[in-house]
Protein chains: 2
Amino acid sequence: MVDIANRVWNHKWKIDPIVRSLIDNDFYKLLMCQSVFRNKPDATVTFSLINRSKDIRLADLIDEGELREQLDHIRSLSLTRGESTFLRGNTFYGKRQMFRPDFMEWFENLRLPDYHLEKRDGQYELTFEGKWHEVMLWEIPALAVLMELRGRAVLHDMRKFELQVLYARAMTKLWEKIERLRDVPDLRIADFGTRRRHSYLWQDRCVQAMIEGLGDKFIGTSNCLIAMKRDIEAIGTNAHELPMVYSALAKTDEELAQAPYQVLADWHEEHDGNLRILLPDTYGTEGFLKRAPDWLAGWTGIRIDSGDPATGAEIAIKWWKDRGEDPREKLIIFSDGLDVEKIVELRTQFAGRAKVSFGWGTLLTNDFRGLTPDDGLLPFSLVCKAIKADGNPTVKLSDNPNKAMGPADEIERYKRVFGVGEQSRMDVIV
Amino acid sequence: MVDIANRVWNHKWKIDPIVRSLIDNDFYKLLMCQSVFRNKPDATVTFSLINRSKDIRLADLIDEGELREQLDHIRSLSLTRGESTFLRGNTFYGKRQMFRPDFMEWFENLRLPDYHLEKRDGQYELTFEGKWHEVMLWEIPALAVLMELRGRAVLHDMRKFELQVLYARAMTKLWEKIERLRDVPDLRIADFGTRRRHSYLWQDRCVQAMIEGLGDKFIGTSNCLIAMKRDIEAIGTNAHELPMVYSALAKTDEELAQAPYQVLADWHEEHDGNLRILLPDTYGTEGFLKRAPDWLAGWTGIRIDSGDPATGAEIAIKWWKDRGEDPREKLIIFSDGLDVEKIVELRTQFAGRAKVSFGWGTLLTNDFRGLTPDDGLLPFSLVCKAIKADGNPTVKLSDNPNKAMGPADEIERYKRVFGVGEQSRMDVIV
């Protein structure tokens, strides 16, 4: 029987909000936000949406009015009492009071700042400019909104049974992946799929499937809200935006060369254990490690987010050995474009040589490939990046030139400063 | 677990259509439509919405855009194959092929004609002008749309739990009524509540409750779609619009005096058995019966729709006796403003003296009295009537002057022609 009250309730909404909570965000954004709030409270940063898949003409697919309604809804959100309690009271990685009282007080009063939106060449130009620690919180919800609106646009003409079958197939597909992963010994895997998820409900469903299907092998989710709702660990460390913005703020080439290490020095002061994870690829992994101070070799692990992941991991293992560390005590987190085959392969390759874990993103929470006739739900490469800091452009080189960003002359300068030579190009799926 | 596919499906709709089928209409409208289609195919009639409860300012409560969307949606409807099969193939009152093939062919190609809508003094002026057999089908859906939009407006600010409790209370209230009716011996009762229902789903739910709670005592519904869906009898005979329009079409006082009988002569030719039910009150029950030809006394029964119901029934019983008929073989249908107390009282009063049945309307399908803080869902008296036929105003006198309608001079003329004297006024609730 139809629940009439529930149905009446559902039909009263003018829109179906995609993001309904300020902590429907990646946990590491909150960690970084707290760090920035303390260390760079005055930096002015611009975040910008960048669609690396130009053939997906988002402005043709998605209605501007709907997009604005969703973004405006996000601006209306504030931290609820329960969310605040969760953040204040929870133990993250065994540490109590991960979030400092002064940060929480600020966060409890936060509304996200305004956005700038216009259409250009079939794409949306969506930017957020303001205090770094405020605009940075837009990245994940902005991406999630665009991904979900694109999905809704594609689903719009599907009929009821088609939709039922679509979701049944997608869940079957995910479940078959989980069944393969179940047999991988000593697997440790987390959900990193918030930013490019099919939808909030779908990500939540994927997480539930992982909980049931993988048991202890599933170690948590990057999504703070889902972690709270499903009573699992919130996972995450830090991202490229820290070295990118610190570097853009550098006044000389010497400061620039030190900027990525300054980020980690600030981080080192704040965090220990599982939060001390290097992300070495922003300006080339090899040079970064070569020039790294010794105390960085003492960190818990490394995250491999671009380039060939096995190569990156071998470089890290060799580096640890060179610095007198035992790689078997170190954690390698793979998080770039993973799917089951790659996970199994990497797990096998590094078994016994290092601790390994996986941050599974888009192909966990948005794998609808082959499930619609014209593959309209194919995942694509949408990012939202810091492009400017205090007026200077940011630069990212990464271990894959296809993931590089920034003005050409600045890229050349960064390559020179960080001693980056030839790099091999790899396709970016997501 | 949320059914994601179903949720996506639900959220794709731009509006939540109130009327989704051409046969979400009262069965007697279809019967009358077929009769008009044969006997008065060229009459041009205007139907108009009339809100007798002026304090309910519908135009302030209901958004004009939403109202138009709902009415436009109704204009997009046509008979589905299944609905056509149901109408063509079903047995109504034991008679096969109640609907003639020529009528069905016309009906299968019908789209409802245009409407005229404007706001005036806080009310909607909503009229339908065209071929009688086309515009007449607007009456019930137009009323249902306005009733449901008014309900939605009132429910709009209620929260989720309030709604759950509201519907729980309304169902409890209905169930308690049904439990009282269950104990009434030889009860025969039908749902007549389409036009002023709270909502389609609610009417359907009420019918299901009646089926479960009353068993054989529940004899069917006036709603053709619900009759089809729930596999129960479609109930209904004829309404005031027939004598009103026939009378307006009369060219002389003599023709006018005969018009109400001409209606029934036409009807007599088409229908027998349970469909031969007199509706005597259009121009005063007493005079109508006094001047009725003898063959009308042979009809199956009478419907009492205005004035004091017991008085009306007593008049009918006396009339049958005067004409040599046995009232115990006759059916009296009460259908005006009924609720449980009245039903029990009338059933008791006429037990053994005539067959009695009840057409329970608004207080079956829309009794939310006392369930919202400011009683915003109080039923009110909204009708949609034929006001003009071939340019002449229609007139209704009824057995209650508060239900009378038409221009004052015409009312006087009708009173004279039909010999109507003093009448007693009664409040009109619904």
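Residues numbered from 1 in each chain as written. Chains lettered and ligands numbered in written order. Predicted model: local features only at pLDDT ≥ 70, side-chain atom pairs only at ≥ 80, totals over all residues. Heavy atoms only, no water.

Some words on the overall build of chain A
The following threshold applies: Strands are runs of DSSP state E lasting at least two residues, helices are runs of H or I lasting at least four, and both sets are numbered from the N terminus onward. Throughout, the Shrake-Rupley method with a 1.4 Å probe supplies accessible areas, and for residues the shown protein chains are the sole cover considered. A residue counts as positive if it is Lys or Arg and as negative if it is Asp or Glu; His and the chain ends are not included. The atom standing in for a charge is NZ when the residue is Lys, CZ when it is Arg, CG when it is Asp and CD when it is Glu.
In terms of regular secondary structure, chain A is built from 19 helices and 13 strands. With respect to the three principal axes, the spread of C-alpha positions in chain A is 65 × 50 × 45 Å. When the accessible surface of chain A is totalled, it reaches about 17700 Å², and 47% of it is carbon and sulfur. If you average the places of the 61 positive and of the 68 negative side-chain charges in chain A, the two averages end up 2 Å apart.

Comments concerning the relation of the copies chain B and chain A
Just so we agree on the cut-off: C-alpha atoms of residues with pLDDT of at least 70 in both copies form the basis for the least-squares superposition of the copies. In what follows, residue pairs with any heavy atoms lying within 4.5 Å of each other are defined as contacts.
Of the transformation superimposing chain B on chain A, the axial component is 0.0 Å and the angular component is 180°, with the fit at an RMSD of 0.0 Å. When the rotation and shift are considered jointly, the pair of chain copies conforms to a two-fold rotation axis. Taken together, the interface assignments show that 100% of the residues at the interface of chain B recur at the interface of chain A, consistent with an identical surface on both copies.

Focus on the sheet that holds strand S12 (residues 382-389) of chain B
Residues and elements named next belong to chain B. Put simply, the rule reads: Two strands pair under a simple rule: DSSP has to find at least two bridges between them. Inter-axis angles, ranging from 0 to 180 degrees, are taken between N-to-C directions of lines fitted to C-alpha atoms, where helices are fitted over the stretch in contact.
Across the sheet, 5 strands lie side by side as S4-S5-S1-S12-S13; this open sheet has antiparallel pairing. Of all the strands in the sheet, the pair left with one neighbour each is strand S4 (116-120) and strand S13 (392-393). Summarising the sheet, S4 and strand S5 (residues 123-131) pair through 5 bridges and their orientation is antiparallel. Residue pairing in the sheet places Arg-120 in a bridge with Gln-123 of S5. Taken strand by strand, helix H4 (residues 64-75) contacts S4 and S5, and its axis lies near 160° from that of S4.

Topic: the UniProt feature "modified residue: Phosphohistidine" (unreviewed entry) in chain A
All names here are of chain A. Here is the rule: UniProt positions are given in the numbering used here, feature names are shortened, and annotations may be inferred rather than shown by experiment. Burial classification: accessible surface area is computed with a 1.4 Å probe over protein chains only, and a residue below 20% of its type maximum counts as buried, one above 50% as exposed, and the rest as partly exposed.
Sites flagged by UniProt as "modified residue: Phosphohistidine" (unreviewed entry) map to His-240. Residue position: His-240 is located in the loop between helix H11 (224-230) and helix H12 (241-249). For His-240, a relative accessible area of 3% corresponds to the buried category. The contact partners of His-240, leaving out residues within four places of it in the chain, are Leu-279, Asp-281, Thr-282, Asp-305, Lys-385 and Lys-396.

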